[in-house]
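What follows is the residue order along each chain.
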Amino acid sequence: MSVRNIISALLSVTLLLCGGCARVPVPDKTDSQVIGFSAVSMVLTSETKTAVFKEGGEFAQNDKFDVYGRKNDHSNPPIFDGTDVQMTTKTPEVWSYTPLKYWEWENVSDYYDFLGVYPIGKSSRMDISGALAVKADYDIYESPDNFDLMMAGMRRKGNLSEIQRLAVVPLQFVHRLCAVRVIVTNVSKTADVKLQHYCFRDVIYKGSAKLSIDAMDQPEHVWINTLRNHAYTDIRKVTVNQTYKNKLEQPVAADRTYVGNFDFFIPGDLSETSNGSSDEDYMPHLILKYSHTIGDVTTNDAAVEILLKDVLRENGTPINTWEAGIKYTYHVTIRVDGGVLVKLYTTYWDDVTAETPGLLIH
């Protein structure tokens, strides 16, 4: 057998033994091999634009998110460990970070995991063997947080084409919180209503949003270590102290209406109790305190407690869970001679499809 045939035979055997370990070309470290990120702006609905969000909204110049990343199952040290990625220019849109990191593809079985968290400084990497996971703690009562927490995750595999392997990382951010607001209208014919305040009780007031990549190579979003406390009777308390005239004096409903701002809440089951019982008194409530005046007589009414799991949508169906990424508007109408009526409207936050590779935000 010729030397050429022997070499050819040996190469064939080597390829058969390697199987799925086929190597990919390792290019020089140039600009085209930099691990890059880009973003598209989040579009807001007209309803959202009327609200006062503490953080978030749409990406603008100088906005930042934290990125975590590793190659294969090598978590220590990770490639990215909370690195800030910043939009340095808006038009054209450019995201940057330092120091630069480079793709180092070696085999088609290689993969990279990336996790992103917005805003910066709110997350940390979790010490979980063999997995890349991050968490962001959130507290709406003891040291109140009220920012738009978003997370994104993806896995980039080495069995893609070279162009796809070196492309910018198309993270898809999702909201991890829900947004809730309260609207109150006085529909009494002759009574003025003074809305003193409103608040919530027995909702989840504290927890950690966890993000990792699951066995199906998809981002896995869960809330862990969530807490409720029945003693916290004034969660997200809003003091109004405004009087809204009766229908005879103010025929236009808008002149008799209080419109609250959206606040962020941790999503959760509205039928779950804070003490593990089945007592509805320990389930999430919306609490309103108001007084009313007819002529010269003012009556101080007791606080009205609204069991949230029983609040109906316009179509008559109840909603038993607050879900992440959904806005909930509670319309409360007060009629002194007819009690308190409540209607619930829900609106999804906009989905945005990017026309170019980059960061998608839902």
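Cut-offs and rules
Residues numbered from 1 in each chain as written. Predicted model: local features only at pLDDT ≥ 70, side-chain atom pairs only at ≥ 80, totals over all residues. Heavy atoms only, no water. Helix = DSSP H or I, 4+ residues; strand = E, 2+ residues; numbered from the N terminus. Buried < 20%, exposed > 50% of the residue type's maximum accessible area, 1.4 Å probe, protein only. Contact = heavy atoms within 4.5 Å. Areas by Shrake-Rupley, 256 points an atom, 1.4 Å probe, with all protein chains shown as cover. pLDDT = per-residue confidence, 0-100. Pairing = 2+ DSSP bridges. Core = buried A, V, L, I, M, F, W, Y, C linked by side-chain atoms within 4.5 Å. Phe/Tyr/Trp six-rings, centres within 6.5 Å; stacked < 30°, edge-to-face > 60°. Lys NZ or Arg CZ within 6 Å of the ring centre and 35° of its normal.

Participant: Got a minute to help me understand the overall build of the chain in this structure?
Facilitator: Broken down by element type, the chain carries 3 helices and 23 strands. For the chain, the residues scored as buried account for 44% of the 362 residues in total. For the chain, contacts bridging at least 24 residues in sequence account for 71% of all contacts bridging at least 6. With the model as given, the accessible surface of the chain reaches about 18100 Å², and the carbon-plus-sulfur share is 51%.

Participant: So what exactly am I meant to see when it comes to the confidence of the model for the chain here?
Facilitator: Considering every residue of the chain, the mean pLDDT works out to 82; 78% of them sit at 70 or more. Across residues 1–20, where pLDDT falls below 50, the model places 3 contacts with residues more than four positions away in sequence or in other chains. Residue range residues 351–362 is modelled with pLDDT below 50. Its contacts to residues more than four positions away, or to other chains, number 38 contacts.

Participant: Could you clarify how one ought to interpret unusual backbone geometry in this entry?
Facilitator: Note: most peptide bonds trans; most residues except glycine with negative phi. Of the consecutive residues T91 and P92, the connecting peptide bond is found in the cis state with omega at -5°. Its place among the elements puts P92 in the loop between β2 (80–89) and β3 (94–96). The amide bond that connects T98 to the next residue, P99, takes the cis arrangement and shows omega of -10°. Looking at the element boundaries, P99 is found in the loop between β3 and β4 (111–118). Notably, D202 is not glycine yet its phi reads approximately 70°, a positive angle. Turning to its location among the elements, D202 is positioned in the loop between β10 (192–201) and β11 (206–213). According to the relative accessible area criterion, D202 is buried, its value standing at 0%.

Participant: Is there a simple way to think about the sheet that holds strand β6 (residues 133–139) in this case?
Facilitator: Backbone-to-backbone hydrogen bonds join strands into a sheet, with any given pair of strands oriented parallel or antiparallel. Read across the sheet, 4 strands follow the order β5-β6-β11-β12 without closing on themselves; strand pairing throughout is antiparallel. Each edge of the sheet is formed by a strand with only one pairing partner; in this case those strands are β5 (124–125) and β12 (219–227). Pairing of β6 with β11 involves 7 bridges; the strand directions are antiparallel. From the neighbouring strand, A136 faces β11, where its bridge partner is A209.

Participant: Could you clarify how one ought to interpret the nonpolar core in this entry?
Facilitator: A general tendency of soluble globular proteins is for nonpolar side chains to be buried together. In terms of nonpolar packing, the biggest core is built from 53 residues, with Y138, L149, F200, L286, W322 and Y330 touching the most fellow members. Those residues within four positions of W322 in sequence are excluded, and the remaining contacts are C178, V180, F200, V203, F265, I266, P267, G268, L270, L308, Y328 and Y330. Formed by 23 residues, the second largest nonpolar core is a distinct cluster that contains I35, F80, W105 and A152.

Participant: Help me understand the packing of aromatic side chains, please; the structure alone is not making it clear to me.
Facilitator: Each aromatic ring pair is specified by the distance between its two centres and by the angle formed by the two planes. What the rule picks out here adds up to 21 aromatic pairs. Between the aromatic rings of F37 and F114, the centroid separation amounts to 6.0 Å while the plane-to-plane angle is 85°, which identifies the pairing as edge-to-face. You can see F37 sitting in the loop between α1 (3–18) and α2 (46–49) and its partner F114 sitting in strand β4, a full 77 residues away along the chain. A single burial state applies to F37 and to F114, both of which are buried. Centroid distance W105 to Y112: 4.8 Å. Interplanar angle 75°. Geometry classified as edge-to-face. No difference in accessibility class separates W105 from Y112, as the two residues are buried. Aromatic ring contacts, followed pair by pair, group F37, F65, F80, W95, Y97, W103, W105, Y112, F114 and F173 into a single cluster. Directly above the ring of F265 sits R236, whose terminal nitrogen or CZ lies 5.6 Å from the centroid.

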